[in-house]
Amino acid sequence: MSPKKIAVLGAGSWGTAMAVMMARAGHHITLWGHNPSHIKQLKIDNSNVEFLPGTDFPSTLSVTDQLEETVEEHDFLMLAVPSHAFRQTLLKCKPQLKKDTIVSWITKGFETGTGLLAHEIVIETLGKDTKLALISGPSFALEVADNLPTAVVVASTDIEVATEVADIIRNSNFLTFPTKHLASAEIGGAMKNILAIAAGISDGLGYGANARAALITLGLTEMVQLGHVYNCSESSFLGLAGVGDLVLTCTDNKSRNRRLGLQLGQGKKIDDAKQTIGQEVEGIHAAREVHAICEKWSLDMPICIQTYRILYEGLAPDVAVRYLLSRAQLAEPQLD
Ligand SMILES: NC(=O)C1=CN([C@@H]2O[C@H](COP(=O)(O)OP(=O)(O)OC[C@H]3O[C@@H](n4cnc5c(N)ncnc54)[C@H](O)[C@@H]3O)[C@@H](O)[C@H]2O)C=CC1
Ligand SMILES: O=C(CO)COP(=O)(O)O
């Protein structure tokens, strides 16, 4: 694949790791961040990014805090901002956006307050003819920055766009699989964050590997259940962006969502736990949105609901997890 000019919008750990990975592969990357002092620091330092220790910037990577000219100069955008900043970033890009610009994103979450999926926000703000794609799957920023093997899906309702994006960003350490199951990939990526908090809580309480495996299994059925609202097939959750990311974040302490849960299970207050992590914990927002969706559609998704109650209503973690594990009808997931 010949080198491309790609703009990564959002200079947190994930946007930075993806920018570094693609620049190493020979692409010309501009990394935009909204915080001028952070960008200034990156320009001076060129390495030792916060949360990605020891990551040097290749010469094909430049950083900027100028959004307008960045959007103007690129026909391939990759949004890496947290879900709460997704719509406002798109709106800021809109005036400079060219007709055929690829709008891709690596954000995982529902829109705060509306519960919309990211592709719904893209269509609402930029129109239904936008060339759009999501990149999602089990992919810790730290491991991508360390050049460790990673496999993700590139999802778009237009499989030609998914294939084009997958071909551009694929390299020997970053495997990409095009898929048309966009909504499933978005739901998987947002839901696993809530479920990782739940798994962390269980582990923080010392409930062990059996309980964790039960939560992961039952969590998958909740993903599938939510997917029914969006007409997603059950099998569309069995790939990298569904079960793959669910297993990763529920089992490894590089997950911030899991680490938040661990601390809650150990008795820490939520604000203290958030402060210790110091980065986005998308599952906190997603739990509120999924709770609202469950109320709207009368869905029975006990893990997500109990996690919401712990996060927002002060329910004691041990009461919640014991309740979950005691529910007779949860004894075996019914996926058919
Ligand atoms: N870190 C990871 O391993 C992965 C993260 N993700 C997703 O990527 C998204 C971003 O997460 P991280 O980079 O990890 O978070 P982070 O906490 O490392 O960084 C978030 C960044 O967003 C910036 N930001 C906050 N408000 C903003 C705004 N209004 N406009 C522009 N930028 C703003 C912050 O300054 C910060 O640099 C999340 O949706 C997350 O779920 C997805 C896969 C892997
Ligand atoms: O999405 C991720 C890995 O695929 C990162 O998970 P956390 O946000 O829980 O760290």
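Model, not experiment: these values are computed from the prediction.

1. Side note on the overall build of the protein chain
Thought 1: Tallying secondary structure elements over the protein chain gives 15 helices and eight strands in all.
Thought 2: Expected size for 336 residues packed as a compact globule is a radius of gyration near 20 Å; at 19 Å, the protein chain falls within 12% of this value.
Thought 3: Taken along the three principal axes of its C-alpha coordinates, the protein chain extends 55 × 40 × 35 Å.
Thought 4: Relative to its 336 residues, the protein chain shows a buried fraction of 55%.
Thought 5: Look at the contacts in the protein chain between residues 6 or more apart in sequence, and 72% of them connect residues 24 or more apart.
Thought 6: Carbon and sulfur atoms provide 50% of the accessible area of the protein chain, an area that totals close to 14,400 Å².

2. Things to note about the domain arrangement of the protein chain
Thought 1: Each assigned domain of the protein chain is listed with its residue range as follows: domain 1 (5–180) and domain 2 (183–326).
Thought 2: Each of domain 1 and domain 2 has a C-alpha centre, and these two points are 25 Å apart.
Thought 3: Each partner contributes to the roughly 2,200 Å² buried at the junction of domain 1 and domain 2, and carbon and sulfur atoms together form 67% of this total.
Thought 4: Three residues, Lys108, Phe110 and Phe140, lead the burial of domain 1 against domain 2; their summed loss comes to 32% of the area buried on that side.

3. Describing the sheet that holds strand S7 (residues 150–155)
Thought 1: On the basis of which strands lie adjacent, the open sheet formed by eight strands has the order S3-S2-S1-S4-S5-S6-S7-S8 and mixed pairing. One side of each edge strand has no neighbouring strand; the edge strands of this open sheet are strand S3 (61–64) and strand S8 (174–179). Adjacent strand axes in the sheet meet at a mean angle of 25° when their direction is disregarded.
Thought 2: In terms of strand pairing, strand S1 (residues 5–9) meets strand S4 (residues 76–79) through three bridges, oriented parallel. Across the sheet, the residue bridging to Leu9 is Leu79, located in S4.
Thought 3: Against the sheet, helix H5 (residues 118–126) touches strand S5 (102–105) and strand S6 (131–136), its axis set at about 150° to S5.

4. Brief notes about the UniProt feature "binding site: substrate" (unreviewed entry) in the protein chain
Thought 1: The UniProt entry lists Lys108, Arg256 and Asn257 under the feature "binding site: substrate" (unreviewed entry), expressed in the numbering used here. For the residues just named, distributed over 150 residues, the greatest C-alpha separation is only 13.0 Å, placing them together at one site.
Thought 2: By the secondary structure assignment, Lys108 is in the loop between S5 and H5.
Thought 3: For Lys108, a relative accessible area of 13% gives the class buried.
Thought 4: When sequence neighbours within four positions are dropped, the list of residues in contact with Lys108 reads Ser136, Gly137, Ser139, Gly189, Lys192, Asn193, Asp245 and Glu282.

Cut-off values and rules
Residues numbered from 1 in each chain as written. Chains lettered and ligands numbered in written order. Predicted model: local features only at pLDDT ≥ 70, side-chain atom pairs only at ≥ 80, totals over all residues. Heavy atoms only, no water. Helix = DSSP H or I, 4+ residues; strand = E, 2+ residues; numbered from the N terminus. Rg over C-alpha atoms; globule rule 2.2 N^0.38 Å. Buried < 20%, exposed > 50% of the residue type's maximum accessible area, 1.4 Å probe, protein only. Contact = heavy atoms within 4.5 Å. Areas by Shrake-Rupley, 256 points an atom, 1.4 Å probe, with all protein chains shown as cover. Domains from an automatic or database assignment. Buried area = accessible area lost by both parts, 1.4 Å probe. Pairing = 2+ DSSP bridges. Axes fitted to C-alpha atoms, helices over the stretch in contact; angles between N-to-C directions. UniProt positions renumbered as here; feature names shortened; annotations may be inferred.

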